[in-house]
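Tertiary structure, described
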Amino acid sequence: QVQLVESGGRLVQAGDSLRLSCAASVRTFSRYTMGWFRQAPGQEREFIAAISWSGGSTAYADSAKGRFTISRDNAKNTVNLQMNSLKPEDTAVYYCAAGGLWWKSLPVAADFGSWGQGTQVTVSS
């Protein structure tokens, strides 16, 4: 089990940028595909982005393509989500998730075994 702690969520205005970070407490962080998901009130958890264990492969939901960038630092056990040109519809709780030594171009929530508590992102219009 991987312990994950997200940070960086806050209230911003439409068009602003925000960087979310996730710190992982595990010795073998470099063996985990990592992902970001979000969940808005009354909606299902939605895949946003994923990055392979080496950082060599990334995947994005259509809603994130061109605006969001996922990255990781295996030396620091962190994964980040840079979000640009934020929109009110990006408002949600954002979750960091750890998978395993696999890669899918469109992972789903069930592919990830460990989750953080989430960080709230609110985008005002």
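Our structure is the block above this text.
Right, let's walk through the structure included here. (Residues numbered from 1 in each chain as written. Predicted model: local features only at pLDDT ≥ 70, side-chain atom pairs only at ≥ 80, totals over all residues. Heavy atoms only, no water.)

Let's talk about the pattern of salt bridges
Overall, the coordinates contain 5 salt bridges when judged by the stated rule. For D90, the salt bridge is made with R38, and the minimal N-O distance between the two is 2.8 Å. Taken together, the residues span a long stretch of sequence, with D90 in the loop between β8 (78–83) and β9 (92–98) and R38 in strand β4 (residues 34–39) at a distance of 52 residues. Note on accessibility: D90 and R38 belong to one class, buried. Note that D90 and R67 form a salt bridge whose closest N and O atoms lie 2.7 Å from each other. (Salt bridge = Lys/Arg side-chain N within 4 Å of Asp/Glu carboxyl O. Helix = DSSP H or I, 4+ residues; strand = E, 2+ residues; numbered from the N terminus. Buried < 20%, exposed > 50% of the residue type's maximum accessible area, 1.4 Å probe, protein only.)

Let's talk about the side chain of R72
Relative to the assigned elements, R72 resides in strand β7 (residues 68–73). Buried and without a salt bridge, R72 has D73 as its closest oppositely charged side chain, separated by 8.2 Å. One polar contact links the side chain of R72 to the main-chain carbonyl oxygen of S52, over a distance of 2.8 Å. Within the local environment of R72, its side chain forms a polar contact with the side chain of N74, the two groups lying 2.7 Å apart. Not counting the four nearest positions on each side in its chain, R72 is found in contact with F29, S30, Y32, T33, M34, I51, S52, W53, G55, T78 and V79. (Lys, Arg positive; Asp, Glu negative; His and termini not counted. Polar contact = N/O pair within 3.5 Å; in protein donor to acceptor, adjacent residues only side chain to side chain. Contact = heavy atoms within 4.5 Å.)

Digging into the nonpolar core
Within the largest apolar cluster, 30 residues are counted, with the highest numbers of intra-cluster contacts made by M34, W36, V79, L81, M83 and Y94. Those elements that provide at least two residues to this core are β3 (18–25), β4, β5 (46–51), β7, β8, β9 and β11 (119–124). Residue contacts for L81: discarding those within four places in its chain leaves L18, R19, L20, W36, I48, A49, F68, T69, I70 and Y94. Grouped together as the second largest cluster of nonpolar side chains are 7 residues, A50, A59, A61 and A97 included. (Core = buried A, V, L, I, M, F, W, Y, C linked by side-chain atoms within 4.5 Å.)

Concerning the sheet that holds strand β1 (residues 3–7)
If you walk across this open sheet you meet the 4 strands as β1-β3-β8-β7, and the pairing is antiparallel. Only two strands of the sheet have a single neighbouring strand rather than two, namely β1 and β7. Strand-to-strand, the axes of this sheet are offset by a mean angle of 15 degrees, without reference to chain direction. (Pairing = 2+ DSSP bridges. Axes fitted to C-alpha atoms, helices over the stretch in contact; angles between N-to-C directions.)

As for the pairing of β8
Counting buried residues along β8, 5 of its 6 residues qualify, which places the element largely inside the surrounding structure. Both β7 and β8 contribute to a ladder of 6 bridges, which runs antiparallel. For I70, the partnering residue across the bridge sits in β8 and is L81. What sits between the antiparallel neighbours β7 and β8 is a turn of 4 residues, in which N77 has the positive phi angle 55 degrees.

Description of the pairing of β5
Of all 6 residues in β5, 5 are buried; the element is thus mostly enclosed. Bridging between β4 and β5 involves 5 bridges; their strand directions are antiparallel. Bridge pairing in β5 links G35 to A50. Two successive antiparallel strands, β4 and β5, enclose a turn made up of 6 residues, where G42 displays a positive phi of approximately 75 degrees. Where β5 and strand β6 (residues 58–60) come together, 3 bridges link them in antiparallel fashion. Each bridged residue has a counterpart across the sheet, and for I51 the counterpart in β6 is T58. In this antiparallel pair of consecutive strands, β5 and β6, the connection spans 6 residues, and G55 shows a positive phi of 85 degrees.

Keep in mind these values describe shape, not function.
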